[in-house]
Amino acid sequence: MKLTVRLMLITLTAALFLSSPAMAETRVVLASTTSTQNTGLFDVLLPAYYNWTKMKDVKIDVVAVGTGKAIEVARRGDADILLVHDREKEDAFIKDGYGKDRHDVMYNDFVVIGPPDDPAMAKAATDAVDAFKRLASSGAAFVSRGDESGTHAKEKKLWKAAGVDTVTLKSYLSVGQGMEATLRITDEKGAYTLSDRATYYVLKDSLKSVVLLYWGDPALFNQYGVMAVNPAKFPHAHYDVAKDFIAFIAGPVGQKVIGGFKDKAGHVLFTPNAK
Amino acid sequence: MNTIINGLAKAISLILSFDRELYAIIFLSLKVSGLAVVIASLIGIPLGAVCALRRFFGRGVLVTLLNTFMGLPPVVAGLAVYLFLSRSGPLGFMGLLYSPSAMVIAQAVIAMPIVAALTWSAVASVDARVRETALTLGATPMMAEWRMLSEARLSVFSAVIAGFGRTMAEVGAVLMVGGNIAGYTRVMTTTIAMETGKGSFELAIALGVVLIFVAFVVNVLFRMAQGRGMTV
């Protein structure tokens, strides 16, 4: 039995020793969307920020969950910075006093993805709402994010404008997952979905059976905004870091990094447009 | 089929080339689950032993509860820990959400009932004459109880292994309370889930292989410890 005790003590000490955190570090939570995370934007943006900032020992922890959840996380006080894409929810967040210092950061657009034979004829749609009407009347399968993300919010708006109640759709699959997973499910099922262009481009090579079918309607514009969690609401929020990060991402250096961020084929994934 | 074979080949080269990202993730997984199981054992083993060795009010209910929570879905544990640790929750002032500490807490919550319930069943099945004999030979009641626990040590080891296996394999709770933050709270299971979603299967397969390997090594180590334990 002594051995057990000894083994345990050794493990415990080792574990405690190994887990002692670097005390000087300030960890700041940036709640964001799956599209920004999984395109790899943060992999270039964060190092550039660390290089740019004069703040010492700051670490930005990106929690990528989709816009709706990201805002919810921030409303509970569990984030310091938001980078999301749903203007309505963002404005409500600020109006309710949870956030401040909102800036436009960048944009891309939403695109309709589907099977190349395009049974719904989405390709021939006159505008985005018409495309969604065609999807509904064709009875083709549609995969929805179903996770209250910015993309999901846009999709719901389009169904509404098309006068379609998704409950009545025969093959409407609400999967409750991030953009990549949703695109993969769409691909496996040969279905339709609404995606942001960046995530689609990054995944394009590995998608077997779906292609880009409809885009270009101004209604599909996809604006990303950054904002700080209001320290008046949550005194523990790292507002100083948030302000510093916003100055970076909406400033010339951050904007240049975003504009230079491309996929393998050389497409610009997010167009910087901070004022 | 090609994906699987290519993935396996790349996985092996990642493992053999000591890829830094891969090993950081493995190390964090071991650290979080290891620490969680140590905490779970420090609470669970005494708790299970006391339930088996002593009579007290509510013992039956407690054992039933432990057995119930043994099957606690990790996401439920994750949800509970999330709500407690969130800044808007009762323990929010500690600022632990989205940190490895939060993951340790969640996994300890998952592992503790497993360790306790299995310890209870192990100690309860030890022949009661062990205690009686020890008492006859002049042992104090405490010493006699220690004898009982000691008789059950092999099964108690198994209880700890079971707890560790459960925490290593678990994905829901660590994802909720850790947030899957790159280089900070990203462990093997959350990486596998994420990389599969992204369609980059190499890292996912590599980690899958490592998970199986870790389970194997842990079992071998514990078997060795058990082997020695028998001669103590």
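Scroll up for the structure.
Nothing here was measured: the structure is a model prediction, and the numbers come from that model. (Residues numbered from 1 in each chain as written. Chains lettered and ligands numbered in written order. Predicted model: local features only at pLDDT ≥ 70, side-chain atom pairs only at ≥ 80, totals over all residues.)

(A) Spotlight on the overall build of chain A. A count of helices and strands for chain A gives 11 helices and 10 strands. In terms of overall dimensions, chain A has a C-alpha envelope of 70 × 55 × 40 Å along the principal axes. Within the span of chain A, comprising 275 residues, buried residues form 48% of the whole. (Helix = DSSP H or I, 4+ residues; strand = E, 2+ residues; numbered from the N terminus. Buried ≥ 20, exposed ≤ 12 C-beta atoms within 10 Å, placed from the backbone.)

(B) The arrangement of the environment of A:Thr182 in detail. Residue and element names in this part refer to chain A. Structurally, Thr-182 is set in helix α8 (residues 179–189). You can call Thr-182 buried: it has 30 C-beta atoms within 10 Å. Separated by 90 residues in sequence, Thr-182 and Ala-92 place their C-alpha atoms 27 Å apart. Residue contacts for Thr-182: discarding those within four places in its chain leaves Val-143, Arg-145, Val-175, Gln-177 and Thr-193. (Contact = placed C-beta atoms within 7 Å.)

(C) Highlighting unusual backbone geometry. Residues and elements named next belong to chain A. Phi angles above zero are rare outside glycine, and Asp-118 is one such case at about 45°. With respect to the element layout, Asp-118 can be found in the loop between β4 (99–114) and α6 (128–138). In this structure, Met-121 is a non-glycine residue whose phi angle is positive, near 55°.

(D) Highlighting the packing of α6(A) against helix α7 (residues 150–161) of chain A. All names here are of chain A. Contact geometry of α6 with α7 gives a least axis separation of 8 Å together with a crossing angle of 80°. By the criterion of interaxial angle, the relationship of α6 to α7 is roughly perpendicular. On the side of α6, the interface is formed by Ala-128, Val-129 and Phe-132, while α7 contributes Leu-158, Trp-159 and Ala-161. Looking at side-chain class alone, the contact of α6 with α7 contains 6 nonpolar, no polar and no charged residues. (Axes fitted to C-alpha atoms, helices over the stretch in contact; angles between N-to-C directions. Parallel < 35°, antiparallel > 145°, perpendicular 65-115°, else oblique. Nonpolar A, V, L, I, M, F, W, Y, C, P; charged D, E, K, R; others polar.)

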